[in-house]
Amino acid sequence: IPNSKSDPKGSGIYALYDNHGLYYVGLTDCSLRGRIQKHTQDRHKDKWERFSWYQIPKLTLTKDIETILLSIIDPKGNRVKGKFKKKKGSLKKK
């Protein structure tokens, strides 16, 4: 990541910011560093200038946390607004 002194590793949630504030919220289940690096080359290229990242040790919570953030904040760079994971066994067959 250009000019980064941090070393984001592992899974978690990250935020990309433009000069007006929060631009995009994302998640990764493998490498935060790699995922943020990809955004320097994809459709978000040149649309953000800084980032923050939050490592989440419990991978099963990452998607729900991202969905809550997207529902509350609605960043302009996100196309998808997130979905909550279905709990196993929550749908009972009759």
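To start, this report covers the structure provided alongside it. Values in this document were obtained by computation on a predicted structure and should not be read as measured data.

Here's the deal with the side chain of E66
Inference 1: With respect to the helices and strands, the residue E66 is situated in helix α2 (residues 59-73).
Inference 2: Classification of E66 by relative accessible area gives buried; the value is 7%.
Inference 3: Excluding residues within four positions of it along the chain, E66 makes contact with I13, V25, G26 and L27.

Some details on α2
Inference 1: Over its 15 residues, α2 runs 22 Å from end to end, which matches the ideal 21 Å to within 8%, given 1.5 Å per residue.
Inference 2: What α2 keeps buried is the set T62, E66, T67 and L70. Projection of α2 onto a plane perpendicular to its axis shows the buried side chains occupying an angular sector of 125°, all on one side. α2 presents T60, S71 and I72 as exposed residues on the side facing more than 90 degrees away from its buried surface.
Inference 3: Contacts from the buried residues of α2 go to β1 (12-18) and β2 (21-28).
Inference 4: Looking one or two residues past α2, D74 carries a phi angle of roughly 55°, positive in sign.

Examining the pairing of β1
Inference 1: A large share of β1 lies buried, amounting to six of its seven residues.
Inference 2: As paired strands, β1 and β2 are joined by seven bridges and run antiparallel to one another. Directly across from Y14, in β2, lies its bridge partner G26.
Inference 3: Counting the residues in the hairpin turn of β1 and β2 gives two residues.
Inference 4: Pairing of β1 with strand β3 (residues 50-55), which is carried by six bridges, proceeds in the antiparallel orientation.

Examining the sheet that holds β2
Inference 1: Here three strands make up an open sheet; going across it, the order is β2-β1-β3 and the pairing antiparallel. On the outer flanks of this sheet lie β2 and β3, each paired with one strand and no other. The average undirected angle you get between the axes of adjacent strands in this sheet is 20°.
Inference 2: Taken strand by strand, α2 contacts β1 and β2, and its axis lies near 160° from that of β2.

Points about a nonpolar patch on the surface
Inference 1: Taken together, the side chains of I68, I72 and I73 present a nonpolar region at the surface, about 290 Å² in accessible area.
Inference 2: By the secondary structure assignment, I68 is in helix α2.

The rules behind the values
In every chain, residue numbers begin from 1 and rise along the written sequence. Where totals are concerned, whole chains, interfaces and linings use all residues; where local detail is concerned, this predicted model gives features only for residues with pLDDT of at least 70, and gives and counts side-chain atom pairs only at 80 or more. The basis for the side-chain values is all heavy atoms of the structure; hydrogens and waters are excluded. The helix count covers DSSP runs of H or I at least four residues long, the strand count covers runs of E at least two residues long, and both are numbered beginning at the N terminus. Exposure categories follow from relative accessible area, calculated using a 1.4 Å probe and restricted to protein chains: below 20% of the type maximum is buried, above 50% is exposed, and the middle band is partly exposed. The contact criterion used is simple: two residues touch if any of their non-hydrogen atoms lie within 4.5 Å. Between the first and last residue of a helix there are one fewer steps than residues, each counted as 1.5 Å, and that sum is the expected span. Directions from the helix axis toward the C-beta atoms define the arc. For two strands to count as paired, DSSP must find a minimum of two bridges between them. Interaxial angle, 0 to 180 degrees, is taken between N-to-C directions of lines fitted to C-alpha atoms, where a helix line uses only the stretch in contact. Residues form patches when they are more than 30% accessible in relative terms and have no salt bridge. Like charges link within 9 Å. Nonpolar side chains (Val, Leu, Ile, Met, Phe, Trp, Tyr) link within 5 Å. Note on areas: Shrake-Rupley with a 1.4 Å probe; residue coverage comes only from the protein chains shown. Salt bridge, as applied in this entry: a Lys or Arg side-chain nitrogen positioned within 4 Å of an Asp or Glu carboxyl oxygen.

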